[in-house]
Amino acid sequence: SQLAEENSWALSVHEGESVTVNCSYKTSITALQWYRQKSGKGPAQLILIRSNEREKRNGRLRATLDTSSQSSSLSITATRCEDTAVYFCATDHHQGGRALIFGTGTTVSVSP
Amino acid sequence: GALVYQYPRRTICKSGTSMRMECQAVGFQATSVAWYRQSPQKTFELIALSTVNSAIKYEQNFTQEKFPISHPNLSFSSMTVLNAYLEDRGLYLCGARQGGQNTLYFGAGTRLSVL
């Protein structure tokens, strides 16, 4: 079963604009991670936010976490064409261990 | 930096035949490796989690008999798709992590097509 999911299939913005991807999850977590997958590549981690954190920043990226509503968001400011990718949230596997469960992904397209 | 290489990048096999894919970690010790299959719609399915010196844990709908995995050392893992059929098509990704770290480092995947 899908334990994490993004709330939008696809978002389109123009360069320089901001975009926010949202994610909801269904189990208790110790941390939530955001990954980005560009065409022809594997996913790459962008941000990890722990359950006791409310916000985390990494350059133009800002992740928030609301454990009461079991939701997270990833915002990208001053978007660039190279930000075009599929964005996934991922949570710990429900049976523990060292695997992650990925959401269904949101395609973000940044046009000139 | 931490890198993961997967090969082959693409493979085509006849229905009912088998193919092996490999995953190599460079620059870190891959104490655990998670194998995923990604659909054309980008959905991830976790196949199994392999940890060095521990039993491999397969997810529901995936078995060792169908997807045998080898993880002989801290830099290499391989998985075979036995008796591949159309439903086995997809992009197979390996994600490796070191020790207690949370980050999974992924390869670019092996895309399997079945004729």
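Residues numbered from 1 in each chain as written. Chains lettered and ligands numbered in written order. Predicted model: local features only at pLDDT ≥ 70, side-chain atom pairs only at ≥ 80, totals over all residues. Heavy atoms only, no water.

Notes on the overall build of chain B
Of regular secondary structure, chain B possesses zero helices and 11 strands. Order of helices (α) and strands (β) in chain B, N terminus to C terminus: β-β-β-β-β-β-β-β-β-β-β. The C-alpha radius of gyration of chain B comes to 13 Å, within 12% of the 13 Å expected for a compact globule of 115 residues. Of all intrachain contacts in chain B linking residues separated by at least 6 positions in sequence, the fraction that spans at least 24 positions is 53%. Summing over all exposed atoms, chain B offers an accessible surface of approximately 5,600 Å²; the carbon and sulfur share of this is 49%. (Helix = DSSP H or I, 4+ residues; strand = E, 2+ residues; numbered from the N terminus. Rg over C-alpha atoms; globule rule 2.2 N^0.38 Å. Contact = heavy atoms within 4.5 Å. Areas by Shrake-Rupley, 256 points an atom, 1.4 Å probe, with all protein chains shown as cover.)

As for the pairing of strand 6 (residues 55–58) of chain A
All names here are of chain A. Across four bridges, the pairing between strand 6 and strand 7 (residues 61–66) is antiparallel. Its bridge partner lying in strand 7, asparagine 58 is registered against leucine 61. Following strand 6, the chain reverses through two residues before pairing antiparallel with strand 7; glycine 59 in that reversal takes a positive phi of roughly 65 degrees. (Pairing = 2+ DSSP bridges.)

Looking at a positive patch on the surface
The grouping of Lys38 and Lys41 of chain A together with Arg9, Arg10, Lys42 and Arg111 of chain B at the surface amounts to a positive patch. By secondary structure assignment, the location of lysine 38 of chain A is in the loop between strand 4 (31–37) and strand 5 (44–50). (Patch = residues over 30% accessible without salt bridge, like charges linked within 9 Å, V, L, I, M, F, W, Y side chains within 5 Å. Salt bridge = Lys/Arg side-chain N within 4 Å of Asp/Glu carboxyl O. Lys, Arg positive; Asp, Glu negative; His and termini not counted. Charge placed at Lys NZ, Arg CZ, Asp CG, Glu CD.)

Section: the interface of chain B and chain A
With 24 residues of chain B in contact, the opposing surface of chain A contributes 23 residues. Between chain B and chain A lies a buried interface of about 1,700 Å² when both sides are counted; carbon and sulfur atoms form 52% of it. Per-residue buried area on chain B facing chain A is highest for Phe44, Asn102 and Phe106 of chain B; these three make up 30% of the total on that side. Where chain B packs against chain A, one counts zero salt bridges. Our count for the contact surface shared by chain B and chain A stands at six residue pairs in polar contact (both at pLDDT 80 or more). Among the elements of the structure, strand 4 (32–38), strand 5 (44–51) and strand 9 (90–97) of chain B are those that each provide at least two residues to the side of chain B that touches chain A. Among the elements that line the side of chain B that touches chain A, the one with the most residues is strand 4 of chain B, at four residues. Residues belonging to the side of chain B that touches chain A are distributed by class as follows: 10 nonpolar, 10 polar and four charged. (Buried area = accessible area lost by both parts, 1.4 Å probe. Polar contact = N/O pair within 3.5 Å; in protein donor to acceptor, adjacent residues only side chain to side chain. Nonpolar A, V, L, I, M, F, W, Y, C, P; charged D, E, K, R; others polar.)

Let's talk about the sheet that holds strand 7 (residues 69–73) of chain B
Working definition: the strands of a sheet are paired by backbone hydrogen bonds and lie parallel or antiparallel to each other. Residues and elements named next belong to chain B. With antiparallel pairing, four strands are arranged side by side in an open sheet as 1-3-8-7. Every interior strand has two partners, whereas the edge strands, strand 1 (3–7) and strand 7, have only one. This sheet shows a mean twist of 15 degrees between the axes of neighbouring strands, independent of strand direction. (Axes fitted to C-alpha atoms, helices over the stretch in contact; angles between N-to-C directions.)

A word on the environment of serine 71 of chain A
Residue and element names in this part refer to chain A. Within the secondary structure, serine 71 is located in strand 8 (residues 71–76). Residue serine 71 is classed as partly exposed on the basis of its relative accessible area of 23%. Once residues lying within four places of it in the same chain are set aside, the contact partners of serine 71 are Cys23, Ser24, Tyr25, Thr64, Leu65 and Asp66. Of note is the side chain of serine 71, whose polar atom sits 2.7 Å from the side chain of serine 69. (Buried < 20%, exposed > 50% of the residue type's maximum accessible area, 1.4 Å probe, protein only.)

Topic: the nonpolar core
Trp35, Ile47, Met79 and Tyr92 of chain B are the most contacted members of the largest nonpolar core, which totals 23 residues. Of all the secondary structure elements, the ones that give two or more residues to this core are strand 3 (19–26), strand 4, strand 5, strand 8 (76–81), strand 9 and strand 11 (110–114) of chain B. Among all residues touching isoleucine 47 of chain B, those that are not within four sequence positions of it are Trp35, Tyr36, Arg37, Lys57, Tyr58, Glu59, Phe62, Phe67, Met79 and Tyr92 of chain B. One finds Cys23, Trp34, Ile49 and Ala63 of chain A within the second-largest nonpolar core, a separate group that totals 21 residues. (Core = buried A, V, L, I, M, F, W, Y, C linked by side-chain atoms within 4.5 Å.)

The quantities given are spatial measurements derived from coordinates; they are silent on function.
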